[in-house]
Amino acid sequence: MLRYALIGALMLSSAAAMAEGPSYSYIQAAYEEVDVDFGGGIDADGDGFSLGGSVPIGDSWFIFAGYGSSDLESVIDLTVLTIGGGWHTAIAPNTDFFAALGFADGEVDISGFGSEDDSGYSLEAGIRSMMSNELELYGSISQVDFDGFGDGTQLNAGLWYTVSGNLALGLGASFEDDITSYGIGIRLYFDR
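In what follows, the accompanying structure is described. (Residues numbered from 1 in each chain as written. Predicted model: local features only at pLDDT ≥ 70, side-chain atom pairs only at ≥ 80, totals over all residues. Heavy atoms only, no water.)

1. Digging into the overall build of the protein chain
- Of regular secondary structure, the protein chain possesses two helices and ten strands.
- Starting at the N terminus and ending at the C terminus, the protein chain contains elements arranged as α-α-β-β-β-β-β-β-β-β-β-β.
- Computed over the C-alpha atoms, the radius of gyration of the protein chain is 17 Å, within 12% of the 16 Å expected from 2.2 N^0.38 for a compact globule of 192 residues.
- Viewed in the frame of its principal axes, the protein chain has a C-alpha envelope of about 55 × 30 × 30 Å.
- Taking the contacts inside the protein chain whose residues are at least 6 apart along the sequence as the reference set, 47% of them involve residues at least 24 apart.
- Looking at the protein chain as shown, the accessible area adds up to about 10,600 Å², and 62% of this sits on carbon and sulfur atoms.
- Here the protein chain carries 4 positive and 29 negative side-chain charges, and the mean point of each set is 18 Å from the other. (Helix = DSSP H or I, 4+ residues; strand = E, 2+ residues; numbered from the N terminus. Rg over C-alpha atoms; globule rule 2.2 N^0.38 Å. Contact = heavy atoms within 4.5 Å. Areas by Shrake-Rupley, 256 points an atom, 1.4 Å probe, with all protein chains shown as cover. Lys, Arg positive; Asp, Glu negative; His and termini not counted. Charge placed at Lys NZ, Arg CZ, Asp CG, Glu CD.)

Written as structure tokens, this is what we have:
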């Protein structure tokens, strides 16, 4: 699906030629449904929320921060905080390639068993494309590597649709070997 979204973004250049490139100046919030496979036939479903934002630094750089929390089966609480920076460059008039590196801090809290903290780093690379002045498609691959929790690679894809001025609504999905999430979000741009 990610491949088709990216190909579609590049093929629809006639509508996109009128659009500007993606914005790196925003805050956002999302609600997510999460499914985790712990192995051995043990699955846990739940929901969660995330908050995040990005601030541009010059023409090609940005800093970001994000916080996510999920509650699985009312027994397991997962939280992750990320902060870092990234770089982007136009690969078409309306499409950017981006890469980001960040610090990640996570906590797993299991009811009745206590909690455990861990930290590590996150890497992400992807494409953001403005299909029109209102519609942005994105796709990326990300890697998170914790010291004790281990690591994971996930594919991310979705869209943001600007409904009015600087307010956008979004849909997104992330897929990893053991974790799948789907979400809806709201984003507020500061440069539109």
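2. A short note on the pattern of salt bridges
- In total, this model carries two salt bridges according to the counting rule given.
- A salt bridge links Glu136 to Arg128, with the nearest nitrogen and oxygen atoms 2.6 Å apart. Of the two residues, Glu136 and Arg128, neither departs from the other in class, the shared state being buried.
- Of the charged contacts in the structure, one is a salt bridge between Glu136 and Arg187, with a shortest N-O distance of 3.7 Å. One end of the pair, Glu136, is in strand β7 (residues 135-146); the other, Arg187, is in strand β10 (residues 179-189), and 51 residues separate them in sequence. You'll find Glu136 and Arg187 in the same group, each marked buried.
- What you see here is one network of salt bridges that share partners, running through Arg128, Glu136 and Arg187. (Salt bridge = Lys/Arg side-chain N within 4 Å of Asp/Glu carboxyl O. Buried < 20%, exposed > 50% of the residue type's maximum accessible area, 1.4 Å probe, protein only.)

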